[in-house]
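The lines below spell out each chain.
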There are 2 protein chains.
Amino acid sequence: MKKMILASTSTIFGSNYLEYLFSVIESLFHNSKNILFIPYARPNGISHKAYTRLVSDTFNKINLSIVEIDNYDNPTEAINLCDGIFIGGGNSFLLLDKILKYNISEEITKKVNSGTPFLGTSAGSNVCGITIGTTNDMPIIHPSTFNSLNLVPFNINPHYLDPIKDSTHMGESRETRIKEFHQFNNQIVIGLREGSYLEVDENNIILRGSKTARIFKKDQDSFEIEPKFNLNKLLN
Amino acid sequence: MKKMILASTSTIFGSNYLEYLFSVIESLFHNSKNILFIPYARPNGISHKAYTRLVSDTFNKINLSIVEIDNYDNPTEAINLCDGIFIGGGNSFLLLDKILKYNISEEITKKVNSGTPFLGTSAGSNVCGITIGTTNDMPIIHPSTFNSLNLVPFNINPHYLDPIKDSTHMGESRETRIKEFHQFNNQIVIGLREGSYLEVDENNIILRGSKTARIFKKDQDSFEIEPKFNLNKLLN
């Protein structure tokens, strides 16, 4: 029953917010009348209100409307009543911290596991993994744990970036960071490049978009998977 | 009495490990016979042993020798007995987690505040700030707090990186991330470019190296400071 779209990024270069995903979003939410938007990740530190307005205006372009979680006295009630969920990008530490503080993790997973269509972008995709341990974000706030929604049985690294050719910068590459992660964690990590997204249909997790994705397994060399690959094959 | 060198990176492009800092390190440790190396940050996930060997071989080139913290039954004793400290780079979450678990934070700060020469590179500089909240590292392990050694009264962002010209990557820039940090934190952040280091001499904190550094203050536009600038001026 699970229906999810987990995108690496909300916005690709030279295009407006979510635009490259419009047909995917229309299809995902075609039966949803009450899509709940969760703005907790606050990209650039913008307010919940401003973030919700951006998403509302964008969804209106494809004749979808969203409801604001802050309109409810109680976020759990908002999740119970909705028939679609979108968690937007921003800072993963902040997003997870709010999910933990409002104690809505179980409610979200129950809802999504029962078939409520779900969209995540960037940090909103990252929190759907086992932990947020492969985020690129700064730890601007200290959540009580890095364990997250566990809606897919691996970790996601959004905005996955290949080493920049001819760069003289000596900071760790993304691959090095994920290698360090695997010293202390066992789960598979999916490096999802911008423009790629995962389409989750119950147990099938298909790579979509035109780019390959990079797979990192503990104690193994990393490798690429092609678009249309079913990640389910990696998990058995 | 405080004598510290806090470097953005251990290694600059086209040069060997620590090489660009050799004369600075010689001068810092010229009276030290018992320099303690703390390898907890484990860059690339290398072992304490391998990391210590690299540092030992490098220090030997300038006729300095180091002692391994793992040779002592008790890290607190190792800190008590040393007359110089070097905390190497790697992963800041892992480094802070170990410092907290071994409960040596107070011992290190007492020692450094009493004049024991201190060298930090990358993550080893980052932990000298108020918190590790401006690290670029992946949260591969969950420390019980992000509060760190507080040996300098601000936060450091090592390997500070300007936005890459003509990049089509949409992931957040370093400046955006630090702006998000300032939604929840008040301290000044120093974006320290590779090749730059801070020379701390009691209350004077001088920017060294040939590059400018970027200063971020909450609710203000960020700005550059020139080499030789005394950061003390920003703090009053």
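As shown above, the structure is provided for reference.
This one's a predicted model, so the numbers in the text were calculated from it and none came from an experiment.

Caption draft 1: Inspection of the overall build of chain A at higher detail. Across its full length, chain A holds seven helices and eleven strands. A principal-axis box enclosing the C-alpha atoms of chain A has dimensions of 45 × 35 × 35 Å. Classification of the 236 residues of chain A by burial places 59% in the buried group. At a minimum sequence separation of 6, the contacts of chain A that also span at least 24 residues come to 69%. A total accessible area of about 9,700 Å² is found for chain A, and carbon and sulfur atoms account for 45% of it.

Caption draft 2: The sheet that holds strand β1 (residues 3-7) of chain A, seen in detail. Residue and element names in this part refer to chain A. Spatial strand order, β3-β2-β4-β5-β1-β8-β9: seven strands in an open sheet with mixed pairing. Because the sheet does not close on itself, it has two edges, and the strands there are β3 (66-68) and β9 (204-208). Taken over all neighbouring pairs, the strand axes of this sheet differ in orientation by 20° on average, direction set aside. Sheet topology places β1 next to strand β8 (residues 197-201); five bridges connect them, and they run antiparallel. Residue Ala7 lies in a different strand from β8, and its bridge partner there is Tyr197. Contacting β2 (35-38), β3, β4 (84-87) and β5 (118-121), helix α2 (residues 48-60) crosses the sheet at an angle of about 170° to β3.

Caption draft 3: Fine view of the packing of aromatic side chains. Residue and element names in this part refer to chain A. Under the definition given, this model contains 17 aromatic pairs over all chains. Relative to Phe86, the ring of Phe37 lies with its centre 5.2 Å away and its plane at 45°, an arrangement referred to as tilted. Here Phe37, found in strand β2, pairs with Phe86, found in strand β4; they are 49 residues apart in sequence, far enough to count as distant. Phe86 shares its class with Phe37; the two are buried. In this structure an aromatic cluster arises from ring pairing among Phe29, Phe37, Tyr51, Phe59 and Phe86. Positioned above the aromatic ring of Phe229 is the side chain of Lys233, whose terminal nitrogen or guanidinium carbon lies 5.0 Å from the ring centre.

Caption draft 4: Region of interest: the pattern of salt bridges. What the rule picks out here adds up to 20 salt bridges over all chains. In this structure, the salt-bridge partner of Asp97 of chain A is Lys101 of chain A, at a minimum N-O distance of 2.9 Å. With Asp97 of chain A and Lys101 of chain A both in helix α4 (residues 92-101) and four residues apart, this pair spans about one turn of that helix. Judged by relative accessible area, which is 3%, Asp97 of chain A ranks as buried. Look at Lys101 of chain A and you get exposed, because its relative accessible area is 60%. With a closest N to O distance of 3.4 Å, Asp137 of chain B and Arg177 of chain A form a salt bridge. Of this pair, Asp137 of chain B sits in the loop between α6 (123-126) and β6 (155-157) while Arg177 of chain A sits in helix α7 (residues 174-181), each in a different chain. Note on Arg177 of chain A: relative accessible area 11%, which makes it buried. Among the charged side chains, a salt-bridge network with shared partners connects Asp162, Glu175, Arg193, Arg214 and Glu224 of chain A.

Caption draft 5: Here's a closer look at unusual backbone geometry. Residues and elements named next belong to chain A. One non-glycine residue, Asn44, lies in the positive phi region at around 60°. By secondary structure assignment, the location of Asn44 is in the loop between β2 and α2. Of the residues examined, Asn44 reaches a relative accessible area of 34% and is grouped as partly exposed. The residue Ser122 is not glycine, and still its phi comes out positive at about 55°. Position of Ser122 among the secondary structure elements: in the loop between β5 and α6 (123-126).

Caption draft 6: Seen up close, the interface of chain A and chain B. Taken residue by residue, the interface counts 49 residues in chain A and 49 residues in chain B. Approximately 4,000 Å² of surface area, both sides summed, lies buried where chain A meets chain B, with 62% of it carried by carbon and sulfur atoms. Its largest share of buried area at the contact with chain B, chain A owes to Met138, Ile140 and Phe184 of chain A, together 17% of the area lost on that side. Scanning the region where chain A abuts chain B turns up two salt bridges. The tally of links between chain A and chain B comes to 20 residue pairs in polar contact (both at pLDDT 80 or more). Elements with a minimum of two residues in the side of chain A that touches chain B: α4 and α7 of chain A. Taken together, the residues of the side of chain A that touches chain B break down into 19 nonpolar, 22 polar and eight charged.

The rules behind each value
- Residues numbered from 1 in each chain as written.
- Chains lettered and ligands numbered in written order.
- Predicted model: local features only at pLDDT ≥ 70, side-chain atom pairs only at ≥ 80, totals over all residues.
- Heavy atoms only, no water.
- Helix = DSSP H or I, 4+ residues; strand = E, 2+ residues; numbered from the N terminus.
- Buried < 20%, exposed > 50% of the residue type's maximum accessible area, 1.4 Å probe, protein only.
- Contact = heavy atoms within 4.5 Å.
- Areas by Shrake-Rupley, 256 points an atom, 1.4 Å probe, with all protein chains shown as cover.
- Pairing = 2+ DSSP bridges.
- Axes fitted to C-alpha atoms, helices over the stretch in contact; angles between N-to-C directions.
- Phe/Tyr/Trp six-rings, centres within 6.5 Å; stacked < 30°, edge-to-face > 60°.
- Lys NZ or Arg CZ within 6 Å of the ring centre and 35° of its normal.
- Salt bridge = Lys/Arg side-chain N within 4 Å of Asp/Glu carboxyl O.
- Buried area = accessible area lost by both parts, 1.4 Å probe.
- Polar contact = N/O pair within 3.5 Å; in protein donor to acceptor, adjacent residues only side chain to side chain.
- Nonpolar A, V, L, I, M, F, W, Y, C, P; charged D, E, K, R; others polar.

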